[in-house]
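Listed here are the chains, written in short residue letters.
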Amino acid sequence: MKNFLSVDDISNINELVQKALAFKTDPLSDKGQGSGKRIGLLFLNPSMRTRLSTQIAASNLGMESIVFNVGQDGWSLEFDDEAIMSGTTVEHVKEAAPILGKYFDVLGVRTFPGLKDREADYSEFFIKQFVKYSGIPIISLESATLHPLQSLTDIITITETFQEKRRPKIVLTWAPHVKALPQCVANSFAQWVNAWGEADFVITHPEGYELDKKFTGNAAISYDQDYALKEADFVYVKNWSSYTNYGTVLSTDTRWMLNNEKLATTNNAKVMHCLPVRRNVELSGEILDGANSIVTQQAGNRVWAAQAVLSEILNG
Ligand code: CP
C-alpha cells in the first residue's frame, strides 16, 4: 500500500480485516517489522483515539512515533500555493512537508474541513498537499471528507461481532448535535460498507441531510428513522452537518436521538459511534450504558486497524 487515504487504497477489505484481527490476537507478532522506522503524526485538529491508537500500533510493530500538533507545537502552516505570507501563517507546506519527509518514513495527517466552502473541502486540498510534497507514504488520520481508519475499525468490529450466516442489516442514523460537524465519518462509513458489499445498508436522516451520492452509492435512504431501524442488526449513530446547505445545522430535533424505546424495534441491534459523543444530545445515556452499546469495543479496535494499515504501508 502506497498511501492510506480512502477505501480506494485497499485491494481486499476482508483480508485487511483478518490481518487486523490477527494482530488483536497476537499484538507483537510482527514486532520487528517497523524496527528502525519512524512515523510522524501531524495533528491540525484535536484527537484522543486516533493519536493514541496509532502510537500503540506503531509501537507494536517496533516503530518509533512522534506526535506534532501543528499550530500549538510549531509554526502555523500555509497551504495556498499563491500565498503572500504577511498574515498569521509562518511556514508553507511546500517547505514543511519535504522536511517531514526527511525526518520520517511514514506520515499520518489529521485535517478537518472548514465547513464554509464545500468545493474546497471536497477537493481534499490539505492532505493532498502532504502527498504531493512529502515524498513518503501518507496515512489519513481523518481528512476533510473521510475517516478511513475509523471505517476500517467499524468493519472489523461488525465482522467480529456478527456471527450469523446471513447478511447483517446496518443502519447509519443521523443524530442531533449542538455544533456543525463534518460529514467525514458518515461519508467514509458509507463508502466502506458499500465497498465491502456484505450488508444490507440503510441511511436515515432528516430531509436536507443527504450525503454526497459518490459515497452513499446504492444505499437505501429513508427520512423515517422508525421505519429504517426495524430489524436492524447494527445501528451506527452519528451527527453530520448538511452537505447540500453546506456546513449548516438544519435540525436539532431531539426525537432523532436513539433511546431504548427505539432500540426495541431493532433486531437487538448493537449500537456504534466513532466517539467522542455528547451524552443525551447525540446518543442517550441509557444506550451508552446499556448492554447493546459496543462503542468501547469499537474504539479499542482502532489499534488493530492502525496496525494492519501501518504493516501494509511498511510492506510497500
Ligand atoms: N473517532 C476518533 O477519530 O476519535 P478522536 O477524534 O479522539 O481521534
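Residues numbered from 1 in each chain as written. Predicted model: local features only at pLDDT ≥ 70, side-chain atom pairs only at ≥ 80, totals over all residues. Heavy atoms only, no water.

Another point: the packing of aromatic side chains. Pairs of aromatic rings are described using the distance from one ring centre to the other and the angle between the two planes. If you walk through the whole model with that rule in mind, you get twelve aromatic pairs. An angle of 80° between the planes, with centres 4.5 Å apart, marks the rings of phenylalanine 79 and phenylalanine 126 as edge-to-face. Residue phenylalanine 79 is found in the loop between β3 (77-78) and β4 (91-92), and its partner phenylalanine 126 is found in helix α5 (residues 125-134); the two are separated by 47 residues along the sequence. Both rings, one in tyrosine 122 and one in phenylalanine 215, keep their centres 6.4 Å apart while their planes meet at 45°; by these two values the pair is tilted. Placement of tyrosine 122 in helix α4 (residues 118-122) and of phenylalanine 215 in helix α8 (residues 213-216) is noted, with a sequence separation of 93 residues between them. With respect to burial, tyrosine 122 and phenylalanine 215 carry one shared label: buried. The structure contains a cluster of three or more aromatic residues connected by ring pairs, namely Phe79, Phe125, Phe126 and Phe130. The ring of tyrosine 243 has arginine 118 sitting right over it, with the charged end atom 4.0 Å from the ring centre. (Phe/Tyr/Trp six-rings, centres within 6.5 Å; stacked < 30°, edge-to-face > 60°. Helix = DSSP H or I, 4+ residues; strand = E, 2+ residues; numbered from the N terminus. Buried < 20%, exposed > 50% of the residue type's maximum accessible area, 1.4 Å probe, protein only. Lys NZ or Arg CZ within 6 Å of the ring centre and 35° of its normal.)

A few words now on the domain arrangement of the protein chain. Each assigned domain of the protein chain is listed with its residue range as follows: domain 1 (7-146 + 302-315) and domain 2 (150-299). For domain 1 versus domain 2, the separation of C-alpha centres amounts to 25 Å. Across the contact, 27 residues belong to domain 1 and 33 residues belong to domain 2. The junction of domain 1 with domain 2 conceals about 2,500 Å² of combined surface from both sides, 64% of it contributed by carbon and sulfur atoms. If you sort the residues of domain 1 by the area they bury against domain 2, Leu115, Tyr122 and Arg302 come out on top, with a joint share of 27%. The tally of links between domain 1 and domain 2 comes to one salt bridge. Summed over the shared surface of domain 1 and domain 2, the result is ten residue pairs in polar contact (both at pLDDT 80 or more). It is helix α1 (residues 13-25) that contributes the most residues to the side of domain 1 that touches domain 2, eight residues altogether. For the side of domain 1 that touches domain 2, the per-class residue count stands at 14 nonpolar, four polar and nine charged. (Domains from an automatic or database assignment. Contact = heavy atoms within 4.5 Å. Buried area = accessible area lost by both parts, 1.4 Å probe. Salt bridge = Lys/Arg side-chain N within 4 Å of Asp/Glu carboxyl O. Polar contact = N/O pair within 3.5 Å; in protein donor to acceptor, adjacent residues only side chain to side chain. Nonpolar A, V, L, I, M, F, W, Y, C, P; charged D, E, K, R; others polar.)

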